[in-house]
Amino acid sequence: MSDTSPVVETEAEYALEFAVKCPGCDAWIERIGVVRMLRAKINFTSALPRRGRVMVCTKCSAILSAELGGLR
Ligand SMILES: [Zn+2]
């Protein structure tokens, strides 16, 4: 498995400034995949946003804790 061919299908990939260790597969990763998250169910009183993003390991697809700013 090479670093340039992720096994996980993601909408986009972001390069990390430094390698980090994935808690899912224990690999050192330098890229994080982003999967779009669309709201499928909502409580009437909820103020949660309509959409979001999930950052995943591009090797094992484990969900990682990460935040992506609103800048495009
Ligand atoms: Zn992983």
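Because the structure is a prediction, the values reported are computed rather than measured.

Student: I keep staring at the pattern of salt bridges and nothing clicks. Help me out?
Tutor: A side chain of one charge can pair with a side chain of the opposite charge when the charged atoms of the two come close. Per the stated rule, a full pass over the model turns up 2 salt bridges. With its nearest N and O atoms 2.6 Å apart, the salt bridge here joins Glu11 to Arg36. Here Arg36 lies in strand 2 (residues 28–38) and Glu11 lies in the segment before strand 1 (12–21), a separation of 25 residues in the sequence. Where Arg31 meets Glu13, a salt bridge forms, and the shortest distance between an N and an O atom there is 3.3 Å. Separated by 18 residues along the polypeptide, Arg31 in strand 2 and Glu13 in strand 1 bring together distant segments of the chain. With a relative accessible area of 28%, Glu13 lands in the partly exposed category.

Student: Which parts of the structure should I look at to understand the environment of Leu38?
Tutor: Mapped onto the secondary structure, Leu38 falls in strand 2. Since its relative accessible area comes to 55%, Leu38 is described here as exposed. Sequence-distant contacts of Leu38, defined by excluding residues within four places in its chain, comprise Arg50 and Arg51.

Procedures and definitions
- Residues numbered from 1 in each chain as written.
- Predicted model: local features only at pLDDT ≥ 70, side-chain atom pairs only at ≥ 80, totals over all residues.
- Heavy atoms only, no water.
- Salt bridge = Lys/Arg side-chain N within 4 Å of Asp/Glu carboxyl O.
- Helix = DSSP H or I, 4+ residues; strand = E, 2+ residues; numbered from the N terminus.
- Buried < 20%, exposed > 50% of the residue type's maximum accessible area, 1.4 Å probe, protein only.
- Contact = heavy atoms within 4.5 Å.

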